[in-house]
Number of protein chains: 2
Amino acid sequence: MAEVENKQVIFKGYVERTPEETDMEIKVGKIKLEAPKGSGAFLVKNLYLSCDPYMRGRMRDVHDSYIPSFVPGQPFEGFGVSKVIDSDHPNFKPGDLVSGITGWEEYSLIHRTEQLRKIQPDDDIPLSYHVGLLGMPGFTSYAGFFEVCNPKKGEYVFVSAASGAVGQLVGQLAKLHGCYVVGSAGTSQKIDLLKNKLGFDEAFNYKEEPDFDAALKRYFPQGIDIYFDNVGGEMLDAALDNMRVHGRVAVCGVLSQQDFSKPRGIYKWLNLITKSIKMQGFLQHDYLHLYPSFMEHVIGNYKQGKIVVIEDMNEGLESSPAAFVGLFHGKNVGKQVIRVAHE
Amino acid sequence: MAEVENKQVIFKGYVERTPEETDMEIKVGKIKLEAPKGSGAFLVKNLYLSCDPYMRGRMRDVHDSYIPSFVPGQPFEGFGVSKVIDSDHPNFKPGDLVSGITGWEEYSLIHRTEQLRKIQPDDDIPLSYHVGLLGMPGFTSYAGFFEVCNPKKGEYVFVSAASGAVGQLVGQLAKLHGCYVVGSAGTSQKIDLLKNKLGFDEAFNYKEEPDFDAALKRYFPQGIDIYFDNVGGEMLDAALDNMRVHGRVAVCGVLSQQDFSKPRGIYKWLNLITKSIKMQGFLQHDYLHLYPSFMEHVIGNYKQGKIVVIEDMNEGLESSPAAFVGLFHGKNVGKQVIRVAHE
């Protein structure tokens, strides 16, 4: 079989600072559109790629994390929605739609087939939602909120980066659960979406708050039971000072940090003791047994119009470095996705 | 009934820094050795008083903690072992021995009787152990280790301030549970006790380690599963960098911190995310349903010689300010107790 051109986003080398577009480069390789016999692999055409902040961790030269770092000179990889073109795997056939870890390129030969699952087509659910609402970010929201935060009806919930892929669902799950929910974000457009489209009780623009502690005291005069943290740093510190006894902090993201080798110190950690607070990092991967109940809960509420999705769709693989870098400057409005090819 | 003299340790005023002896003063008051009719109270003679680092928190001018601050001009209070002298409470009678919250004074009129429990006399167990091994510190060790740390056999456990009231039992419980246990402390005498009397696998003197990270890497080349933290600050930071994926940190004490208004920053918090770490403060009070199993476990092992107790006993109420202040300079060797009166 003849080779075809395969545009790729190549990872250039390790960084600790905020990613920049020059950390990636677009190259055009060649690929045979077949899965070699005996490989057990399948060959996919990538339709949607997901830009997720956690990927920044894979750009670091650290090797004790839960997930391996990218390999310099090789393509980025991340969650995507793809269509099987050729398969040597008994459970996948050409035409199947799959979601899971794929390459940032037009076509990928997938060897680690266990990292993808078949998509059941549903006319009511856009395919791209399989890397957002129904993908890793959505499941992170679900597992983090219900399993790590252990929410009770009526509790006070704070979500940072609240219009992002994870935050927007955490807030809506919290509202559906009967909590009082306040979100923070960085533009007036996002604040408007949080209050008027996503149903948050309140929202504030952190860029207009010179004193995060004062802002949180204003929105939570009675204190915070649950802080779902997507930013870390100064806001995490302020939240710790405003937690209630038995508060829970799900530490999910670190969008506030420019340089991972010089993170801002957290000073308010004494609150963990005086208020008996749990602060926990987590991997959605550890909760996969909940995936069926997650799908049922989220799809059901989505179809009833009780969950709304805000998606930021960029067109073309060439747009992906800028879109990815934009995550760290709050440029995305909602879940950032790249459409690589039309279905 | 005539009044008698009642020596008291009076709290002089709020502080954020490390306590000093001048924060307390000994005064001699007067007290009637009776429980007023209709009060439901009882009058005790205090035999042993417990010096515990958490009491420092009650010397602060903060009022959102799980426990109220001391009242300037009033006596210190804390855990003690006392003998009932007069009682207006149906469940307590003169001669009963009780343990729980009492005043730092020779005699106390106890109104909050629910904060004390009757001691079942046992010739094999010194009375003072009811404020140590079998009291709050012991139960803190038990609840913190088993409930917060969720230990598994074979895991790697690090305990700081390891010869203290809490640390010494955490380490022994961890050994009995089949863990590998390393402790840190601040004198060679304590290191010797940890290794040769308390059965720790290894122990090191943190004052002789210029680089805590290097020390932990030496003692835990494979990383730490559980860190039972009694000191906070720099050691907590170093431990976070050496935790394994799914590690658990029980934040129990902050002995390293001189000034609570200016705590050292924690910089290694990104590990919570990359390694899915749980870091949790806790109150032994929240686990009281486990008290019977705690007593059974600890008394059983103690009587079989599988748990050893190291106690630092000072004589006389006058010695209590210095003994309490000494906690924050590592002067105590083992659980610090004051003998106020002989039984």
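Before any of the text, the structure's been laid out above.
Conventions and cut-offs
Residues numbered from 1 in each chain as written. Chains lettered and ligands numbered in written order. Predicted model: local features only at pLDDT ≥ 70, side-chain atom pairs only at ≥ 80, totals over all residues. Heavy atoms only, no water. Axes fitted to C-alpha atoms, helices over the stretch in contact; angles between N-to-C directions. Helix = DSSP H or I, 4+ residues; strand = E, 2+ residues; numbered from the N terminus. Parallel < 35°, antiparallel > 145°, perpendicular 65-115°, else oblique. Contact = heavy atoms within 4.5 Å. Nonpolar A, V, L, I, M, F, W, Y, C, P; charged D, E, K, R; others polar. Pairing = 2+ DSSP bridges. Right-handed = clockwise from strand over helix to strand, strands pointing away. Buried < 20%, exposed > 50% of the residue type's maximum accessible area, 1.4 Å probe, protein only. Arc of directions from axis to C-beta. Polar contact = N/O pair within 3.5 Å; in protein donor to acceptor, adjacent residues only side chain to side chain. Buried area = accessible area lost by both parts, 1.4 Å probe. Salt bridge = Lys/Arg side-chain N within 4 Å of Asp/Glu carboxyl O. 1 Å grid on protein atoms, 1.4 Å probe; cavity = no way out; pocket = protein on both sides within 12 Å on 5 of 7 lines; lining within 4 Å. Points joined across faces, edges and corners; volume = space filled by probe spheres on them.

Trainee: Teacher, can you tell me more about the packing of helix α1 (residues 136-148) of chain B against helix α7 (residues 291-303) of chain B here?
Mentor: The angle between the axes and the distance between the axes are what describe a pair of packed helices. Residue and element names in this part refer to chain B. Running from N to C, α1 and α7 cross one another at 105°; their axes reach a closest spacing of 10 Å. Comparing their axes, α7 and α1 come out roughly perpendicular. Here Gly-138, Phe-139, Tyr-142 and Phe-146 of α1 come into contact with α7, specifically with Tyr-291, Ser-293, Phe-294 and His-297. Classifying every residue of the contact of α1 with α7 gives five nonpolar, three polar and no charged.

Trainee: Help me understand the pairing of strand β12 (residues 243-251) of chain A, please; the structure alone is not making it clear to me.
Mentor: Looking along a regular strand, one sees the side chains alternate between the two faces of the sheet. All names here are of chain A. Where strand β11 (residues 224-229) meets β12, five bridges bridge the pair, whose relative direction is parallel. Bridge pairing in β12 links Phe-228 to Ala-250. Of the crossover connections in this fold, the one passing from β11 over helix α5 (residues 233-242) to the parallel β12 is right-handed. Two elements, β12 and strand β13 (residues 278-281), share four bridges in a ladder whose sense is parallel. Looking at the pairing, Ala-250 lines up with Gln-280 of β13.

Trainee: How should helix α4 (residues 212-219) of chain B be read in this particular structure?
Mentor: Side chains three or four residues apart in an α-helix point the same way, a direct result of the helix having 3.6 residues per turn. All names here are of chain B. Buried residues of α4: Phe-212, Ala-215, Leu-216 and Tyr-219, and no others. Relative to the axis of α4, the buried residues are bounded by an arc of 95° and lie together on one face. Two to three positions downstream of the cap, the backbone nitrogen of Asp-213 sits 3.0 Å from a side-chain oxygen, assigning the N-cap of α4 to Asp-211.

Trainee: How do you make sense of the interface of chain A and chain B when you look at a structure like this?
Mentor: In many analyses, interface size is given as the accessible surface area lost on bringing the parts together. Opposite the 35 residues of chain A that make contact, chain B presents 35 residues. Its largest share of buried area at the contact with chain B, chain A owes to A:Trp269, A:Leu270 and A:Ile273, together 22% of the area lost on that side. In this structure, the connection of chain A to chain B is made through zero salt bridges. Linking chain A with chain B are eleven residue pairs in polar contact (both at pLDDT 80 or more), by the criterion used here. Looking at the side of chain A that touches chain B, the elements with two or more residues in it are α5, β12, α6 (270-274) and β13 of chain A. A breakdown of the residues in the side of chain A that touches chain B according to their chemical character gives 18 nonpolar, eleven polar and six charged. Bridge analysis of β13(A) against strand β13 (residues 278-281) of chain B gives three bridges, and the strand direction is antiparallel.

Trainee: Looking at this structure, I do not really get empty space enclosed by the protein. What am I missing?
Mentor: Summary: where empty space remains is shown by rolling a probe the size of a single water molecule over the atoms. For the structure shown, the criterion picks out two cavities of 30 Å³ or more. Roughly 80 Å³ of volume is contained in the largest cavity. Sorting elements by how many residues they give to the lining of the largest cavity places helix α2 (residues 165-176) of chain A first, with four residues. Tallied by class, residues from the lining of the largest cavity come to six nonpolar, four polar and one charged. Estimated volume of the second largest cavity: approximately 70 Å³. Every residue along the wall of the second largest cavity is listed here: B:Gly132, B:Leu133, B:Gly138, B:Ala165, B:Gln168, B:Leu169, B:Gln172, B:Ile307, B:Val308, B:Val309 and B:Lys335. Per-element tally for the lining of the second largest cavity: the top contributor is helix α2 (residues 165-176) of chain B, with four residues.

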